[in-house]
Amino acid sequence: MKKLLLSLITICVFGFTFAQTDLFFSEYIEGSNTNKSLEIYNPTNAAISLDTYQMSRYSNGNTTPNYVSFPTGHSVPAHGTYVIVLDKRDPEGTGQDTAVFEDLQYRADAFLCPVYDENKMMYFNGNDAVTLEKTDGSIIDIIGKVGENPGDSWTDDTTANFLDTGDWTRYWTKDQTLIRKSSIVQGVTANPTLFNPVVEWDSLPRNTFTYLGWHVCDSYTDPDQPVFNQTSYEFNVYQEAANGTTVGTITATDATSDVLSYYFESGNYVYITAGDIDVRHTPFEIERNTGVIKVRDNEGLDYNTYQIFTIIAQVTDGTTPVTCTVTINVTEFQNVSEILNKPTFEICPNPVLNNNITINSSENISSVKIFDIIGKVIYKNTYNDCQNSININFNDTYKGMYFVSITHSNNKTVTKKLLIN
């Protein structure tokens, strides 16, 4: 077992004790706004109940903690993890209450501390020591140094005793995602003389969440990895499918029957322009225990803007995940009948020669939208007078390839390319 490089001198005032085989922190996320998370790892061969554990935050160098207990009945599986996320899930939240990103929410085993004035533990910043403790106060792991305020962040600056000198490029605990090195097999149970975060932690950019839900530790060798039943999956979804609609299922097996967890790693985000703002949408979600993929936000299913999603999915048994590719095609029509009854329209002239076009449609037009190849809308109008022929004049600054989307009075939408010279 690797010897800890940090000082393990017991400081009785904090009730520190030594533990050979106990839980410890394996990940620390201090992200943007309320994206804050801690991951706990169990290095032992048996599940450990969290009923006798708590976490504490020592804010800004204080020695009086703010602690929080875990939900009753929760445990950390053998050689597995437990992910805690700050409980900010209101999508209408603003300022300091902006909702935690969806991909972080999906990886949570528990959400804690929804109200700052009631419990401040999960509101840690880069200058707060965080501890994992038994409920009797004995500490089994520490991130930071209790009683020390490093400034904005602990750093990798040896000459400054790892304290903040104002150089944000050396920050290690603020605006960072920290992963415990695989060589670390137990927690820090005594307050360090100096907290050098580089010794036990690897640093990744903030808001990196794809390492949550699994951990690699040198004290354990996984006898197998999960295997996806297919190397890739492809599904179709109608652009007007309701939220909650099942898109498809991805499945994997594990030779030793370990519990499997499914996540999306990347590819499940779109940005759609609303006025002058690019709005972030998460079209799909995956059930962690089953691999069932469902529509989460159908506002992101706009056939005219995004027709294919290429998503990288993960499955893990608690250690290094395996990935596969999931292709989801957004369809403009729900069935063959809709295709046969598709309205038609013509654009004259096309290409545009004099900044003026006429649109002639087989059915009455209720709205027209013109947008570029990245979805930015350059023209939008609605019509209430049952026209099937309209004229549009363009500003001469528009050049290149665009798309014209016509919605008819029967709510059917058709899109065609438009070239503006």
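Before going into details, it helps to say that this report is about the structure given with it. (Residues numbered from 1 in each chain as written. Predicted model: local features only at pLDDT ≥ 70, side-chain atom pairs only at ≥ 80, totals over all residues. Heavy atoms only, no water.)

### Some remarks on the overall build of the protein
- Along its length, the protein carries two helices and 28 strands.
- Split into buried and exposed, the 421 residues of the protein put 50% on the buried side.
- Expressed as a percentage of contacts within the protein between residues at least 6 apart in sequence, the contacts between residues at least 24 apart total 67%. (Helix = DSSP H or I, 4+ residues; strand = E, 2+ residues; numbered from the N terminus. Buried < 20%, exposed > 50% of the residue type's maximum accessible area, 1.4 Å probe, protein only. Contact = heavy atoms within 4.5 Å.)

### Remarks on the sheet that holds strand 21 (residues 292–295)
- Strands sit in the order 15-21-20 across an open sheet of three strands; the sheet is antiparallel. Of all the strands in the sheet, just strand 15 (246–249) and strand 20 (284–286) have a single pairing partner and so form its edges. Averaged over all neighbouring strand pairs, the angle between strand axes comes to 20°, with direction disregarded.
- Pairing between strand 20 and strand 21: three bridges, direction antiparallel. Note on strand 21: the bridge partner recorded for Phe284 is Val295. (Pairing = 2+ DSSP bridges. Axes fitted to C-alpha atoms, helices over the stretch in contact; angles between N-to-C directions.)

### Section: the side chain of Glu102
- Following the sequence through the fold, Glu102 ends up in helix 1 (residues 102–105).
- Setting aside residues no more than four positions away along its own chain, Glu102 makes contact with Tyr269, Arg280, Thr282 and Arg296.

### Description of the sheet that holds strand 17 (residues 261–266)
- Here we have four strands laid out as an open sheet, ordered 14-23-22-17, and mixed in their pairing. The open sheet is flanked by strand 14 (232–238) and strand 17, the only strands paired with a single partner. Strand-to-strand twist of the sheet, defined as the mean angle between neighbouring strand axes without regard to direction, takes the value 30°.
- As paired elements, strand 17 and strand 22 (residues 308–316) share five bridges and run antiparallel to each other. Opposite Ser266, over in strand 22, you have Ile312 as the bridge partner.

### Description of the side chain of His408
- Following the sequence through the fold, His408 ends up in strand 27 (residues 400–408).
- A distance of 2.6 Å separates polar atoms of two side chains, one belonging to His408 and the other to Ser361. (Polar contact = N/O pair within 3.5 Å; in protein donor to acceptor, adjacent residues only side chain to side chain.)

Any functional reading would require information beyond the geometric quantities listed.
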